[in-house]
Amino acid sequence: MIKLHNRDCLAVLAEMETNSVDLVATDPPYYRVKADAWDNQWTSQDEFLAWLESVVIECVRVLKPTGSLYMFMGPKMAASVERMIAKHMVVENHIVWIKPSGMHKRQCRASLRRYFPATERIIFATQREYSEAKAQHAAIAEACEPVISYLRDVLAGSGLSQSDVDRAIGVQMAGHWFGRSQWRLPTEGQYKQLQQLFNGRLTRSYSDVKTQCDALVNDATKPAKRHFDLDGREWFTDAWVCQPVQYYPGKHPCEKPLSMMKHIVTASTVPGSVVLDPFMGGGTTGVASIRNGRSFIGCEMEKANFDAAKARMAAV
Ligand SMILES: C[S@@+](CC[C@H](N)C(=O)[O-])C[C@H]1O[C@@H](n2cnc3c(N)ncnc32)[C@H](O)[C@@H]1O
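Residues numbered from 1 in each chain as written. Predicted model: local features only at pLDDT ≥ 70, side-chain atom pairs only at ≥ 80, totals over all residues. Heavy atoms only, no water.

Asks: Looking at this structure, I do not really get the layout of surface pockets. What am I missing?
Replies: The probe, sized like a water molecule, is rolled over the atoms to show the empty space still left. Taken as a whole, the largest pocket encloses approximately 1,100 Å³ of empty space. Val33, Lys34, Lys99, Met103 and Glu120 are, among the 35 residues lining the largest pocket, the residues nearest its centre. When the residues that make up the lining of the largest pocket are grouped by side-chain class, the tally is 17 nonpolar, seven polar and eleven charged. Looking at the second largest pocket, its volume works out to about 380 Å³. Together, 30 residues line the second largest pocket, and Asp27, Phe279, Met280, Gly281 and Glu300 are the ones closest to its centre. Residues of the lining of the second largest pocket, tallied by class, amount to 13 nonpolar, nine polar and eight charged. (1 Å grid on protein atoms, 1.4 Å probe; cavity = no way out; pocket = protein on both sides within 12 Å on 5 of 7 lines; lining within 4 Å. Points joined across faces, edges and corners; volume = space filled by probe spheres on them. Nonpolar A, V, L, I, M, F, W, Y, C, P; charged D, E, K, R; others polar.)

Quick look at the structure:
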């Protein structure tokens, strides 16, 4: 699935479903770093931050509990943007992209009055109200819904209440076995006790139910945990050394290296996941997502950039 919008991202975000995205990977305006109109839409830093915060709030809403956000920013605004994101998410890392080449190579050192920036920053953040454990519980319950429904139907047909079950089995677990909050599969021993209690209504064997649960939880498109895989990766620390994209005709002025976007997409999602870039520029996040079997939703408000991004993704 690829959905591209030539519109203001806030309008697109407002129409998107809650909990529908696995990864937001984006490179928003920096605030008066570039001469382009899109980087000069605000009269003050506070106005810029308030606007970016409204985007982050919407990203938090559309991200799944297991979702991740990567946001690029220039070094000047990095501290303020990081503090703003930390109001809404858990900041896992402040990654420093170290550029071996660039403008800093051409500076006259004698005339510098401060250190010349040779980095960009990437905030990697995850959902705050969902701890890993909570997210895992929610995802397991969602994945195992067919099994939960089966157990609930048997309980409803038995005429017993959850308290009756707790009393009969001798543990306070019925709320977990027959509820959707912090759902747990009974142990094999408990399952056998339940089979006796329900007088043959619990017809499926324990191994049959357990095998179904394991398959559902292990379904790669429904990760029970936030996906994060750095196995064998060069960029496993918070310092990423990477050449910026060299000029070519038609290059977006802020085009991000494809290798970096591929790294982000594959480290934090699985094939079939949904990736969102509200500020897609030349469409690098989209190219990385499509090439790696992810669904992609992208917004770009400037028509020329949008057309270039669309053409780039069509050529994948
Ligand atoms: C820093 S660039 C992104 C470059 C991109 N990472 C790439 O690799 O090509 C930010 C982009 O966001 C777009 N933009 C700015 N404000 C926007 C908004 N409110 N909605 C959608 N796009 C917006 C700009 O036109 C610009 O192309």
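Asks: Explain the packing of aromatic side chains here, please?
Replies: To describe a pair of aromatic rings, one takes the distance between the centres and the angle between the planes. Under the definition given, this model contains 13 aromatic pairs. A ring pair is formed by Tyr31 and Phe48, whose centres lie 5.4 Å apart and whose planes are at 35°; its orientation type is tilted. With Tyr31 in the loop between β2 (21-26) and α2 (45-62) and Phe48 in helix α2, this pair connects stretches of sequence that are 17 residues apart. The pair Tyr31 / Phe48 is uniform in exposure class, with both members buried. For the pair Trp177 and Phe178, a centre-to-centre distance of 6.5 Å together with 80° between the ring planes defines the contact as edge-to-face. Assessed through its relative accessible area of 3%, Phe178 is described here as buried. Connected via pairs of aromatic rings, a cluster forms that spans Tyr31, Trp42, Phe48, Trp51 and Phe279. The ring of Tyr150 has Arg204 lying over it, and the distance from NZ or CZ to the ring centre is 5.1 Å. (Phe/Tyr/Trp six-rings, centres within 6.5 Å; stacked < 30°, edge-to-face > 60°. Helix = DSSP H or I, 4+ residues; strand = E, 2+ residues; numbered from the N terminus. Buried < 20%, exposed > 50% of the residue type's maximum accessible area, 1.4 Å probe, protein only. Lys NZ or Arg CZ within 6 Å of the ring centre and 35° of its normal.)

Asks: Got a minute to help me understand the site of the ligand in this structure?
Replies: Inspection of the region around the ligand gives 25 residues, with Cys9, His252, Gly282, Thr284 and Glu300 positioned closest. A distance of 2.8 Å is found between an oxygen atom of the ligand and a side-chain nitrogen or oxygen belonging to His252. Of the pockets mapped on this structure, the ligand occupies the second largest pocket. Looking at side-chain class alone, the shell around the ligand contains eleven nonpolar, seven polar and seven charged residues. (Near = heavy atom within 4 Å. Polar contact = N/O pair within 3.5 Å; in protein donor to acceptor, adjacent residues only side chain to side chain. Sits in = over half its atoms within 2 Å of the grid points.)

Asks: It is not clear to me how the pairing of strand β7 (residues 274-277) should be interpreted in this structure. Could you clarify?
Replies: Across a regular strand the side chains alternate sides, sitting on one face of the sheet and then on the other. Of the two faces of β7, the one holding Val274 and Leu276 and the one holding Val275 and Asp277 are both buried throughout. In terms of strand pairing, β2 meets β7 through two bridges, oriented parallel. When the bridges of β7 are listed, Val24 appears paired with Leu276. Following the chain from β7 across helix α11 (residues 284-291) to the adjacent parallel strand β8 (residues 295-299), one finds a crossover that is right-handed. (Pairing = 2+ DSSP bridges. Right-handed = clockwise from strand over helix to strand, strands pointing away.)

Asks: For this particular structure, what's the right way to read empty space enclosed by the protein?
Replies: Applying the stated criterion to the full structure yields two cavities of 30 Å³ or more. Put simply, the second largest cavity is a space of about 40 Å³. Every residue along the wall of the second largest cavity is listed here: Pro28, Pro29, Tyr30, Phe48, Leu52, Phe72, Met73, Gly74, Met77 and Val81. Mapped onto the lining of the second largest cavity, the elements with two or more residues apiece are α2 and β3 (63-73). Grouping the constituent residues of the lining of the second largest cavity by class yields nine nonpolar, one polar and no charged.

Asks: Can you help me understand the side chain of Glu255 in this one?
Replies: Secondary-structure assignment places Glu255 in the loop between β6 (239-241) and α10 (258-268). Only 3.5 Å separates the side chain of Glu255 from the side chain of Arg312, close enough to count as a polar contact.

Asks: Just to check I follow, could you spell out the pattern of salt bridges for this structure?
Replies: Pairs can form between side chains of opposite charge once their charged atoms are near each other. Scanning the entire structure with this criterion turns up 14 salt bridges. As a salt-bridge pair, Asp164 and Arg167 come within 2.9 Å of each other at their nearest N and O atoms. Of this pair, Asp164 and Arg167 both sit in helix α6 (residues 162-169), three residues apart, roughly one helical turn. Of the charged contacts, one joins Glu255 and Arg312 as a salt bridge, the two residues approaching to 3.5 Å between their closest N and O atoms. Linking Glu255 in the loop between β6 and α10 with Arg312 in helix α12 (residues 303-314), this pair joins segments that are 57 residues apart in sequence. Under the relative-accessibility criterion, Arg312 is labelled partly exposed at 23%. What emerges from the salt-bridge pattern is a single network uniting Asp27, Lys99, Glu120 and Lys256. (Salt bridge = Lys/Arg side-chain N within 4 Å of Asp/Glu carboxyl O.)

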